[in-house]
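Examination of the molecular architecture
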Amino acid sequence: MKLLVTGGAGVIGSNFGAHRVEAGDEVLVLDLLTYAGHAENLAPVLADVRFVQGDICDKGTVDGLVTSDLDAVVNFAAESHVDRSILDSGDFVRTNVLGVQVLLDAVQRSGCGRLLQVSTDEVYGPTAPRQVATERSNLEPSSPYASSKAAADLLCLAFRQTHGTPVLITRCTNNYGPHQYPEKLIPLFLLRAMADEELPLYGDGLHERDWLHVEDHCRALSAVLADGKDGEVYNIAYGEPVPNRLVVEALLHELDKPDTLIRSVEDRPGHDRRYAVDSKKIRADLGWEPRIPLGTGLRRTVAWYRDHREWLEAVTGPEFDQYCAALYGDRKQA
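A brief look at the structure comes next.

Scoring rules and cut-offs
Residues numbered from 1 in each chain as written. Predicted model: local features only at pLDDT ≥ 70, side-chain atom pairs only at ≥ 80, totals over all residues. Heavy atoms only, no water. Core = buried A, V, L, I, M, F, W, Y, C linked by side-chain atoms within 4.5 Å. Buried < 20%, exposed > 50% of the residue type's maximum accessible area, 1.4 Å probe, protein only. Helix = DSSP H or I, 4+ residues; strand = E, 2+ residues; numbered from the N terminus. Phe/Tyr/Trp six-rings, centres within 6.5 Å; stacked < 30°, edge-to-face > 60°. Lys NZ or Arg CZ within 6 Å of the ring centre and 35° of its normal. Axes fitted to C-alpha atoms, helices over the stretch in contact; angles between N-to-C directions. Parallel < 35°, antiparallel > 145°, perpendicular 65-115°, else oblique. Left-handed = near helix turned anticlockwise from the far one by under 90°. Contact = heavy atoms within 4.5 Å.

Within the largest apolar cluster, 35 residues are counted, with the highest numbers of intra-cluster contacts made by L185, I186, F189, L199, V248 and L251. Secondary structure elements with two or more residues in this core: helix 6 (185-194), strand 8 (199-202), helix 8 (244-255), strand 13 (262-265), helix 10 (294-307), helix 11 (309-315) and helix 12 (318-328). Sorting elements by how many residues they give to this core places helix 6 first, with seven residues. Among the nonpolar cores identified, the runner-up in size contains 32 residues, and F16, V29, V214 and C218 belong to it.

Next comes the structure, spelled out in structure tokens:
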């Protein structure tokens, strides 16, 4: 296949690009290289991809790349961290909504194969204990981030209904693995724990999330690209929501660090208690199954970050330190 991977220097995009290069695809990467997207992430496959630094909101750039000979555009380009969306939602609306509109217009005009919009389980909002969200569940996002992703999903479906634009949507649970910028829970706490710094865990730490290794996510996306039906939504999940505190304790165990590093701090605004989605559709229709249990995935992730300290030094710096200080520095003990 010939693919345009937008946001291809971020954690999921870079892993997916490598996955598709290994499968023999021709891969074109578009990325603005913001704080969470780094050329270093593409180093293993840089000789095998064409890289363009640019913005999905830039119509001229996008129109020049989305051509009729593309089999698909796979959109990972997004502002994705809930905490940042609470501090300032402007970039989230711009990139996650306007950027998707620019991509949709380009796909529609060019007649390229299809657009795969990579979304999130957070568009469904919180799920009650022992309940799961299906692809037909209402969208009830709680954060500015989740709202921007829900808006993009609806825009994709509207283009499909109005113009017949070939679109697919996937909604995945929390990803983790190599190349993840250390603002999300697992890499942030891993980085801080390696330095014997306190781990600021929100509230009582019993908020539940379903964790999916990025390699399993990449295989799911490949299955959707190969056999998914245009206009359909596919949930992607490991299927076992886990309290955040248990994830952090498992991470500390892998690092041989004490649980006393955990510091419970006041919760963030609008923090959904639990996310859980039903992924029966992609399993039954496309034959995908996750392969990497959380314990195995954490061990592999810890090993990768330990072996790539130079990568951590390259992607963190004064901006990262300022962000951590702004978010956690004055946060009260829970």
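One pass over the structure, following the stated rule, counts nine aromatic pairs. Look at Y35 and Y181: their rings are 5.0 Å apart centre to centre, the planes differ by 75 degrees, and that puts the pair in the edge-to-face class. With Y35 in the loop between strand 2 (26-31) and strand 3 (49-53) and Y181 in the loop between strand 7 (174-176) and helix 6, this residue pair connects regions lying 146 residues apart in the sequence. By relative accessible area, which is 5% here, Y181 ends up buried. Summarising the aromatic geometry, the rings of Y176 and W211 are spaced 6.4 Å apart at their centres and angled 75 degrees between planes, so their arrangement reads as edge-to-face. Placement of the pair is Y176 in strand 7 and W211 in strand 10 (residues 211-213), with a sequence separation of 35 residues. A relative accessible area of 1% places Y176 in the buried class. A network of ring pairs unites the aromatic residues Y35, Y181 and F320 as a single cluster. The cationic tip of R84 hangs over the ring face of Y35; the distance from NZ or CZ to the ring centre is 3.8 Å. Over the ring of Y323 we find R84, and its NZ or CZ is 4.0 Å from the ring centre.

This part takes up helix 6. One turn of an α-helix holds 3.6 residues; hence residues three or four places apart share an orientation. Across the ten residues that make up helix 6, a large majority, nine, are buried. Along helix 6, the residues classified as buried are L185, I186, P187, L188, F189, L190, R192, A193 and M194.

Attention shifts here to the packing of helix 6 against helix 8. For the pair helix 6 and helix 8, interaxial distance at closest approach is 10 Å and the crossing angle is 40 degrees. As far as their axial angle goes, helix 8 and helix 6 are oblique. Crossing handedness for the pair helix 6 and helix 8: right-handed. Between helix 6, through L185, I186, F189, L190, A193 and M194, and helix 8, the contact on the second element is made entirely by N244, V247, V248, L251, L252 and L255.

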